[in-house]
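# Structural description and commentary
The primary structure of each chain is shown beneath.
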Amino acid sequence: MTHPFLDLAPLGADRFAAIEDRVARLLSTGQDVVIMQGEALLPLEGAIRAAAGPGTTALNVVTGPYGQTFGDWLRDCGATVIDLAVPFHTAVTAEEIRQAFAEHPEIDFVSLVHAEAATGNTNPVAEIGEVVRAHGALFYLDAVASIGAEPVLPDAWGVDLCVIGAQKAMGGPAGVSAVSVSERAWARMAANPNAPRRSYLSLLDWKERWIDGGRKALLHAPAQLEMLALEACVERIEAAGLDAVMARHASAAAATRAGAVALGGGLEPYVYEAQDAAPVATTLRAPSGVVASELVRRALEADPAVPLAAGGGPLAKEMIRVNHYGADATPGAVRASLAALGVALSEHGLPVDVEAALRAVEEAWR
């Protein structure tokens, strides 16, 4: 039996390196870019374990569940962790970071999530980067959800470790991910006796056996289908233009917020200020007395194709997430999501105006 996904010619080192170069151009970075053969949790954890250890004092910014996870990894590495937690309906500010440095001048590592798709907020990384750079700390950024939806500029922002994944706004595969690494970050890893080596988590293995070797021999057999899918995904973004892809996500976010308010029924944006809302996904607060996960379940029964999900864990009671990213960053996906939510809300006896919501989507889309 033949299949287009089978019996492919091996993916060689030259092709692998060329895909890395295209990802680097997407990030406008001159740093080393390593494409790791796994979902983004692989480089997210690998970078922390490589760069942090018992001598590290880390400022861990928590604006959602991933920030909480990073704090756990940092503590597991033996780092001293100072959590800066802000309400999930807002964003951290550069002034809050500056104040944390003033109170704890020993901080030498900062971990931050750019956009939390799980909570719908986004953080002002450019402003924060200036503060971190002035302090001299190593800057680690999770840009998995933001890449493709809003600017991600590790060099301009002073980010030392920037992790991305293709499965959200890029509209690509989940099985590969990438991290850009500054010279400062490589030096920190090399000086860390606890940094993973001879391990699937190891960034230093990629540095020493791949990058320092001139990218001539891969460490192991690559995830070929995922690499080809990543290449196709980046090619599609290049053809459309990154600015156009980001504009489409920004329009989807603005239209969803406007449409939800016009829909009524007690639905409202979860992130209070539009400037703090992530373009990759919009979170909504369920009406008082209505369980968000039940509302989403009924909306999906009305239209199984809409990109709706309830919040994770305890947020399932109050949060609805409209995942308007990738192929779903379209007016049609936004309209269908609001119409399905209108059905679910009306079945709870709540007054809604679907036509007003659809008009608001059209007016807000740019």
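Predicted model, so just to flag it, every value in this text is computed and none were measured. (Residues numbered from 1 in each chain as written. Predicted model: local features only at pLDDT ≥ 70, side-chain atom pairs only at ≥ 80, totals over all residues. Heavy atoms only, no water.)

## Digging into the side chain of Gln37
Along the chain, Gln37 turns up in the loop between β1 (32–36) and α2 (41–51). Accessibility expressed as a relative area gives 8% for Gln37, which makes it buried. At 2.6 Å, the side chain of Gln37 and the backbone nitrogen of Ala223 are in polar contact. Sequence-distant contacts of Gln37, defined by excluding residues within four places in its chain, comprise Phe16, Leu42, Gly175, Val176, Tyr200, Trp206, His220, Pro222, Ala223 and Met227. (Helix = DSSP H or I, 4+ residues; strand = E, 2+ residues; numbered from the N terminus. Buried < 20%, exposed > 50% of the residue type's maximum accessible area, 1.4 Å probe, protein only. Polar contact = N/O pair within 3.5 Å; in protein donor to acceptor, adjacent residues only side chain to side chain. Contact = heavy atoms within 4.5 Å.)

## Remarks on the pattern of salt bridges
Once their charged atoms are close, side chains differing in charge can pair, the charge on each being opposite to the other. According to the stated counting rule, one finds 19 salt bridges in the structure shown. The shortest N-O distance in the salt bridge between Arg75 and Asp83 comes to 2.5 Å. A salt bridge links Arg298 to Glu347; the nearest nitrogen and oxygen atoms lie 2.5 Å apart. One end of the pair, Arg298, is in helix α11 (residues 292–302); the other, Glu347, is in helix α12 (residues 331–347), and 49 residues separate them in sequence. (Salt bridge = Lys/Arg side-chain N within 4 Å of Asp/Glu carboxyl O.)

## Regarding the packing of helix α10 (residues 242–263) against α12
Each pair of packed helices can be summarised by the angle the axes make with each other and by the distance between the axes. Two elements in contact, α10 and α12, have axes whose closest approach is 10 Å; the angle formed by their N-to-C orientations is 25°. Accordingly, the angle class assigned to the pair α10 and α12 is roughly parallel. As for how α10 packs across α12, the hand of that crossing is right-handed. Each of Ala252, Ala255, Thr256, Gly259, Ala260 and Leu263 in α10 lies in contact with α12, whose residues at this interface are Val334, Leu338, Leu341, Gly342 and Leu345. Classifying every residue of the contact of α10 with α12 by side-chain character gives eight nonpolar, three polar and no charged. (Axes fitted to C-alpha atoms, helices over the stretch in contact; angles between N-to-C directions. Parallel < 35°, antiparallel > 145°, perpendicular 65-115°, else oblique. Left-handed = near helix turned anticlockwise from the far one by under 90°. Nonpolar A, V, L, I, M, F, W, Y, C, P; charged D, E, K, R; others polar.)

## Re the packing of aromatic side chains
On inspection of all chains with the given rule, the structure shows six aromatic pairs. On the basis of an interplanar angle of 90° and a centroid distance of 5.3 Å, the ring pair of Phe70 and Tyr140 is categorised as edge-to-face. Taken together, the residues Phe70 in helix α3 (residues 65–76) and Tyr140 in strand β7 (residues 138–142) connect sequence positions 70 residues apart. Members of the aromatic cluster, connected to one another through ring pairs, are Phe70, Trp73, Phe109 and Tyr140. (Phe/Tyr/Trp six-rings, centres within 6.5 Å; stacked < 30°, edge-to-face > 60°.)

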